[in-house]
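Chain by chain, the residues:
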Amino acid sequence: MHDLNVLIIGGGIGGLSAAIALGRAGHRLTVIERDPEWSVYGVGIIQQANVVRAMDQLGVLDAFLDAACGFDAVEIYLPSGERVARVPAPSLVPGKPANVGIGRRALQKVLGDSAKALGAAIRLGVTATVLEDDGADDSGGVAVSFSDGSAERFDIVVGADGVYSQTREAILPGAATPEFTGQGVWRYNFPRPADLDALHVYNGPVGVGLVPMSAEGMYLFATSPEPGNPHYPREGLAAAMRGKLANAAPQIRALAEQITDDAGVVYRPLEGLMVHGPWHKGRVVLLGDAVHATTPHLGQGAGMAIEDALVLAEELGRSDAPEAAFAAYRERRYERCRYIVEKSLEICHGQIGKGPQVDNHKATAEMFAVVSQAI
Ligand SMILES: Cc1cc2nc3c(=O)[nH]c(=O)nc-3n(C[C@H](O)[C@H](O)[C@H](O)COP(=O)(O)OP(=O)(O)OC[C@H]3O[C@@H](n4cnc5c(N)ncnc54)[C@H](O)[C@@H]3O)c2cc1C
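Summary of the structure given here. (Residues numbered from 1 in each chain as written. Predicted model: local features only at pLDDT ≥ 70, side-chain atom pairs only at ≥ 80, totals over all residues. Heavy atoms only, no water.)

### So, the pattern of salt bridges
Turning to step 1, where the next piece is worked out: A full pass over the atoms with the stated rule returns 19 salt bridges.
Turning to step 2, where the next piece is worked out: Its salt-bridge partner being Glu307, residue Arg333 comes within 3.0 Å of it at the nearest N-O pair. Separated by 26 residues along the polypeptide, Arg333 in helix 9 (residues 322-351) and Glu307 in helix 8 (residues 301-318) bring together distant segments of the chain. For the pair formed by Arg333 and Glu307, the shared burial category is buried.
Turning to step 3, where the next piece is worked out: Salt-bridge contacts for Glu314 lead to Arg318; the nearest nitrogen and oxygen are separated by 3.8 Å. Here Arg318 and Glu314 lie together in helix 8, a separation of four residues that amounts to about one turn.
Turning to step 4, where the next piece is worked out: Each of the salt bridges in this network shares a partner with another, and the network as a whole consists of Glu75, Arg83, Arg86 and Asp197. (Salt bridge = Lys/Arg side-chain N within 4 Å of Asp/Glu carboxyl O. Helix = DSSP H or I, 4+ residues; strand = E, 2+ residues; numbered from the N terminus. Buried < 20%, exposed > 50% of the residue type's maximum accessible area, 1.4 Å probe, protein only.)

### Focus on helix 1 (residues 13-24)
Turning to step 1, where the next piece is worked out: Given a rise of 1.5 Å per residue, 12 residues ought to cover 16 Å, and the 17 Å separating the end C-alpha atoms of helix 1 matches this to within 8%.
Turning to step 2, where the next piece is worked out: Buried within helix 1 are the following residues: Gly14, Gly15, Leu16, Ser17, Ala18, Ala19, Ile20, Ala21, Leu22 and Gly23.
Turning to step 3, where the next piece is worked out: Downstream of helix 1 by a residue or two, Gly26 has a phi angle that is positive, lying close to 95°. (Expected span 1.5 Å × (residues − 1).)

### Focus: the pairing of strand 10 (residues 142-146)
Turning to step 1, where the next piece is worked out: Of the two faces of strand 10, the one lined by Val142, Val144 and Phe146 is fully buried and the one lined by Ala143 and Ser145 carries no buried residue.
Turning to step 2, where the next piece is worked out: Pairing geometry for strand 9 (residues 128-133) and strand 10, over five bridges, is antiparallel. In the strand pairing of strand 10, Leu131 is matched with Val144.
Turning to step 3, where the next piece is worked out: Strand direction decides the pairing type here: strand 10 and strand 11 (residues 151-154), joined by four bridges, are antiparallel. Among the inter-strand pairings, Ala143 is bridged to a residue of strand 11, identified as Arg153.
Turning to step 4, where the next piece is worked out: The antiparallel pairing of strand 10 with strand 11 creates a hairpin that spans four residues between the two strands, and Gly149 there sits at a positive phi of about 95°. (Pairing = 2+ DSSP bridges.)

### As for the sheet that holds strand 14 (residues 199-202)
Turning to step 1, where the next piece is worked out: Strand order in the open sheet made by the eight strands is 6-5-14-15-16-13-17-20, with mixed pairing throughout. If you trace the sheet from one side to the other, it starts and ends with strand 6 (83-88) and strand 20 (292-293), each paired once.
Turning to step 2, where the next piece is worked out: With six bridges connecting them, strand 15 (residues 207-212) and strand 16 (residues 217-225) associate as antiparallel partners. Within strand 16, the residue paired with Pro212 across the bridge is Met218.
Turning to step 3, where the next piece is worked out: Running at roughly 105° to strand 13 (residues 179-191), helix 6 (residues 237-244) makes contact with strand 13, strand 16 and strand 17 (266-274) of the sheet. (Contact = heavy atoms within 4.5 Å. Axes fitted to C-alpha atoms, helices over the stretch in contact; angles between N-to-C directions.)

### Section: the packing of aromatic side chains
Turning to step 1, where the next piece is worked out: All chains considered together, the criterion is met by eight aromatic pairs.
Turning to step 2, where the next piece is worked out: Judged by centre distance (6.2 Å) and plane angle (90°), the ring pair of Phe146 and Phe154 falls under edge-to-face. The same class applies to Phe146 as to Phe154, namely buried.
Turning to step 3, where the next piece is worked out: Counting every residue linked through ring pairs, the aromatic cluster contains Trp186, Tyr232 and Tyr267.
Turning to step 4, where the next piece is worked out: A cation sits over an aromatic face here: Arg123 above Phe146, 4.5 Å from the ring centre.
Turning to step 5, where the next piece is worked out: Positioned above the aromatic ring of Tyr334, the side-chain terminus of Arg330 is 4.3 Å from the ring centre. (Phe/Tyr/Trp six-rings, centres within 6.5 Å; stacked < 30°, edge-to-face > 60°. Lys NZ or Arg CZ within 6 Å of the ring centre and 35° of its normal.)

### With respect to the nonpolar core
Turning to step 1, where the next piece is worked out: Counting 81 residues, the largest nonpolar core has Ile8, Leu22, Met55, Phe64, Val158 and Leu316 as its most contacted members.
Turning to step 2, where the next piece is worked out: Non-local contacts of Phe64, meaning those with residues more than four positions away in its chain, are made with Gln47, Val52, Met55, Val100, Ile102, Leu107 and Val110.
Turning to step 3, where the next piece is worked out: Ranked by size, the runner-up nonpolar core spans 24 residues in total, among them Tyr77, Phe190, Tyr202 and Ile259. (Core = buried A, V, L, I, M, F, W, Y, C linked by side-chain atoms within 4.5 Å.)

### Quick look at unusual backbone geometry
Residues other than glycine predominantly adopt negative phi, and peptide bonds predominantly adopt the trans conformation.
Turning to step 1, where the next piece is worked out: Positive phi values are uncommon outside glycine, yet Trp38 reaches one of about 50°.
Turning to step 2, where the next piece is worked out: Summarising the element assignment, Trp38 is placed in the loop between strand 2 (28-33) and strand 3 (44-47).
Turning to step 3, where the next piece is worked out: Not every positive phi belongs to a glycine, and Asn229 is a case in point at roughly 50°.
Turning to step 4, where the next piece is worked out: Checked against the element boundaries, Asn229 lands in the loop between strand 16 and helix 6.

### Here's the deal with the site of the ligand
Turning to step 1, where the next piece is worked out: Around the ligand, the structure places 31 residues, and the nearest of them are Gly14, Glu33, Ile46, Asp289 and Ala302.
Turning to step 2, where the next piece is worked out: Separating an oxygen atom of the ligand from a backbone N or O atom of Gly14 is a distance of 2.7 Å.
Turning to step 3, where the next piece is worked out: Here the ligand has 1,000 Å² of accessible area as a free molecule, and 88% of this is covered by the chains.
Turning to step 4, where the next piece is worked out: Elements with a contribution of two residues or more to the shell around the ligand: helix 1, strand 2, strand 3, strand 13 and helix 8. (Near = heavy atom within 4 Å. Polar contact = N/O pair within 3.5 Å; in protein donor to acceptor, adjacent residues only side chain to side chain. Areas by Shrake-Rupley, 256 points an atom, 1.4 Å probe, with all protein chains shown as cover.)

No statement about biological role is implied by the geometric values presented.
What follows is the structure, encoded as structure tokens:
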């Protein structure tokens, strides 16, 4: 199918990747984003070798790498602070780094600039209030009413509106909803020491990671058991995060002393979601966290959303009918996404005593073997 008029709901990582992949295939694009400021919280994200490959396929690799910090190894530390391994990470794009850390704002800029350059109209502070799908035949389409009072007809709609997707609720009302896992994650930015040239992972009851994010910056993440899913008010977040790190390795405790700005702490309860049934209804299809939201234990959530976007664009290009393309897209994506969601949850449950402990190192190697396969 060619020259489709496409609405993408959600201007996050998955929605913007879809805008790029579909824009490169020659479709006409409108992206609506609920947040009028299009704000993104200021910590970073790990993107592994399959994402570097996906960025290459999206045609944005140079801009992506310029905005990121590449690294080719993962260092594993004991809770005592002793380094036990430096594991090389293989690259999937010759001559390019295996993994990168990148600020979420920097990633959004790279993806947003590229989507705009491909002609996507980005409408901020807008949601879809009504989606009226009137059929699968050639003359069919989706009549969409927007929250600003405007309306337009589209050939297809892509719901990339995240883990609490309203599009999912609208088209798949009985589908899974997000479930709290029992764990939360705390993040904070620091200057990057010049010799921090790898992802550093500390195992223990509170798991800690140091992620290089740019030439100057890194972020620290810490996963902690959070029974009862407590609410942490903004005031006092820095002290609460320092408290979570009170028994961490000595070098992490030294960093924790610098966690003093409540506004700089990003805390989030961890949730998971997997939609096992169809990912579309009629001419409306879902991608990213809307259908498979993972905990971050394998660092692959955004990677799965970006790969979804590439596969969706490919399948639309191969098919004469949206529904056939959507079914083929889900068929190609389901197993890999299910694996990431379930394996990440196993690691999470092992860490908080809700299940057997998972050997993180082994799980990461196994995950890499899975995601290095062609998408
Ligand atoms: C703590 C944590 C750490 C993570 N770390 C990593 C990592 O290191 N590596 C990795 O690959 N992944 C990581 N992830 C996962 C990653 O953040 C998500 O998988 C990814 O953001 C999913 O992209 P998305 O576009 O599907 O959803 P989102 O990024 O959530 O984007 C959805 C967008 O839709 C907008 N929106 C919502 N509702 C509407 C609506 N009704 N109308 C219009 N717009 C709407 C939102 O404002 C948002 O901009 C992490 C996740 C968490 C929670």
